[in-house]
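# Residue-level structure breakdown
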Amino acid sequence: MGNLFNNYEEACAIILFGIGFTTLLLHRNMIKKVIGFSMMDSAIYLFLAAKGYIAGRKAPIIENGVQAVEAYINPVPAGLVLTGIVVSVSSTALMLALTVRLYRRYHTLNIDEITEMARKEEV
Amino acid sequence: MALWQNLPFAMILLPLASAGVTSVLRGRAARWTAICVIALVTGMAAALAVFMQGYGQSYPYMMGHFPAPWGNEIRAGILEAVVALCFSAVMLLSVLGGLRNLKRDIRTDRQNLYFVMCELTTSALMAQVFTNDVFTAYVFLEITTIAACVLICANSKGRALTAAARYMVLNLVGSGLFLLSLSLIYDLTGHLLMSNIQEKMAELSAQGKYEQPITMVIALVTIGLGIKSALYPFHTWVPDAYSMSTPTSSAILSSLISEGYLFLLIKFYYRVFGMQVVLETGIANVLFVLGAFGAVMGSLLAVRQTDIRRMVAYSSVAQIGYIYLAMGIGTPEGMTAAAYQIVAHAVCKALLFIAAGGLSDASRERQDLPHLRGAFYRQPVAGAAFTLGALSMIGLPLLSGFIVKVSYAEAAVGIGGKRMAGVLAVLIVSTLLNTLYFGRAMINLYRLEEKKIREQRRFRCGACFAISCALLAAVTVALGVASRPVLEAIRQGFQMFG
């Protein structure tokens, strides 16, 4: 239990991941699915950022010529987070575009209703 | 460094750059640019395979000017070369085979975008095959996902849109799990390059440290990629996505995109975790059970279908189950069988989907078996191609499916015990079921009264379609007749993986 409080950022990230994951998978509303997806990815970025941070150090931008490694935090996770954000923004955009097209055609955001209507359309 | 060693890099970059150019070209120009670029990539893959045979070992290739722990790397070996050749060739033939349907199914002013997606998929697949960096693998995995979603919903008719939405939801779940596992890997080992991670993993496992997190990470990668490659319980998006999209898309999705994820999973097992560590966690048992279950259930569900493309889609689910089954055997022979199945299935499924597209074109665009009755007489090229593909799936000698089954049986006999019985039972049951549903489909293609046969109007299939079917069929036969070089190359490739 103590571990959970000490690593509260990671614990928080995993809880958020779980919430996002279940929303994306189980919620019927397309927009809420997209929100769940955003939440899930952000949770991973929080996890990565927490992993890269070292207490008491500064962002890895050289200041006053200090080049010692001990002065700065680990920059790699920040790079990963940036790349990840680009990827998830494009996925979100695609999901939203799909949602718009589905809404224009079926006038609802409920994926179950949409599937049902699409099936009837077929017959 | 020899000049040819730049080939893998060019195979990733060329289609990526050309995708940018294609997006501003008009229909016809875009079409031929994409086809030429993919053909060029296929040529480069063939050249790489030849050079690798002579070179005899794998090599890392530095991207940019930063050496190993900081920079990004790709890595080529004989296995990567063979898989890349297979993927690019199937890509080329799928696009050629479905050209006529593409012109009909997709709005004229948007056709160039479809070819952009084909090029992006090619580039992303090549990157997944060659990359030596786990995060690069993730980025290209997402590019594949996005491109595949557009490939599905490019056809605006019918349920393609809902199919794309369902595809996207499950795939994003898979990507999320995969990304989480990568973060954990970085957290555990402090590296992103596969070679460095593998060293560190071996070290950790020797010291007995972090056993649970490592098991967790391996499970996450497996489930993430399992969802994305349509392993049995996660296959719900498959039937709609494969049967509603245009034939080229179904061929690309079933035979390239799923197989790309599977190859990445094999690569992760060997290059990131190390096979020893993976086997210690017992994840192979889970794969074995899920694979066996998928192989049987996929076939059972296929028997119930009356729509020819849905039937082939469920057969895909069964074949993917087969690949997991072979990975679950856990021996080098099992892995070789899995890799051979990846290659054989990629070629054969593309053939089946393209041929099924041709058959329904000749039958007023209907896909259900009663309407396809006698389709062979209307469209003999597609009929013959479908028959050959179906026979290969059943596992007739001289075709690739037979070699798959033989190598599975050999791998199973190699381990003995309960697993041998399991593999053999699955082989027998699924062969029987395959015979049942593919047999029924074939009978429908040929069944027609004598009098009516002469009345059937011949449907002109077009040169591109005929060439594509003929080449895919030829490769299916070649893989069945001369399987030894391919199997040998795969075996060598796994040794280079080590």
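Each remark here, short or long, concerns the structure printed above.
My aim in this report is to walk through the structure given alongside it, one point at a time. (Residues numbered from 1 in each chain as written. Chains lettered and ligands numbered in written order. Predicted model: local features only at pLDDT ≥ 70, side-chain atom pairs only at ≥ 80, totals over all residues.)

### Observations concerning the overall build of chain B
The helix and strand inventory of chain B stands at 22 helices and two strands. Against the compact-globule benchmark of 23 Å for 498 residues, chain B has a radius of gyration of 22 Å, which places it among compact chains. With respect to the three principal axes, the spread of C-alpha positions in chain B is 75 × 55 × 45 Å. With 498 residues in all, chain B has 61% of them scored as buried. The long-range fraction of contacts in chain B, counting pairs at least 24 apart against all pairs at least 6 apart in sequence, stands at 80%. (Helix = DSSP H or I, 4+ residues; strand = E, 2+ residues; numbered from the N terminus. Rg over C-alpha atoms; globule rule 2.2 N^0.38 Å. Buried ≥ 20, exposed ≤ 12 C-beta atoms within 10 Å, placed from the backbone. Contact = placed C-beta atoms within 7 Å.)

### Points about the nonpolar core
Counting residues in hydrophobic clusters, the biggest one holds 220 residues, and the most contacted among them are A164, V347 and L351 of chain B. Apart from the residues within four sequence positions on either side, L351 of chain B is in contact with A385, G389, C469, L472, A473 and T476 of chain B. (Core = buried A, V, L, I, M, F, W, Y, C linked by C-beta atoms within 7 Å.)

### Things to note about the pairing of strand β2 (residues 72–76) of chain B
All names here are of chain B. The element β2 is largely enclosed, with a buried count of four among its five residues. Pairing of strand β1 (residues 59–63) with β2 involves five bridges; the strand directions are antiparallel. Paired with M63 across the strands is N72, a residue of β2. (Pairing = 2+ DSSP bridges.)

### As for the packing of helix α3 (residues 30–52) of chain A against helix α7 (residues 160–189) of chain B
Interaxial distance between α3 of chain A and α7 of chain B falls to 10 Å at its minimum, and their mutual angle equals 5°. Looking at the two axes, α3 of chain A sits roughly parallel to α7 of chain B. Only V169, L172, G176, L179, L180, S183 and D187 of chain B of α7 of chain B make contact with α3 of chain A, whose side of the interface consists of K33, F37, M40, D41, I44, F47, L48 and K51 of chain A. The residue makeup of the contact of α3 of chain A with α7 of chain B, split by class, is nine nonpolar, two polar and four charged. (Axes fitted to C-alpha atoms, helices over the stretch in contact; angles between N-to-C directions. Parallel < 35°, antiparallel > 145°, perpendicular 65-115°, else oblique. Nonpolar A, V, L, I, M, F, W, Y, C, P; charged D, E, K, R; others polar.)

### Observations concerning the interface of chain B and chain A
The partner chain A presents 29 residues to the 21 residues of chain B that form the contact. Among the residues forming the side of chain B that touches chain A, the class breakdown is 14 nonpolar, four polar and three charged.

### Remarks on helix α18 (residues 400–415) of chain B
All names here are of chain B. The end-to-end C-alpha distance of α18 is 23 Å, a good match for the 22 Å that 16 residues give at a rise of 1.5 Å each. Inspection of α18 places S400, G401, I403, V404, K405, S407, Y408, A411 and A412 among the buried residues, and these make up the whole buried set. Where α18 is buried, its residues touch α14 (308–329), α15 (332–361), α17 (380–394), α19 (417–446), α21 (463–481) and α22 (483–497). Just downstream of α18, G416 is the residue with a positive phi angle, here 65°. (Expected span 1.5 Å × (residues − 1).)

### Quick word on helix α11 (residues 247–273) of chain B
All names here are of chain B. The end-to-end C-alpha separation of α11 is 37 Å, in line with the 39 Å expected for 27 residues at 1.5 Å each. Among the 27 residues in α11, 27 count as buried, and that is most of the element. A positive phi of about 85° marks G274, the residue just after α11.

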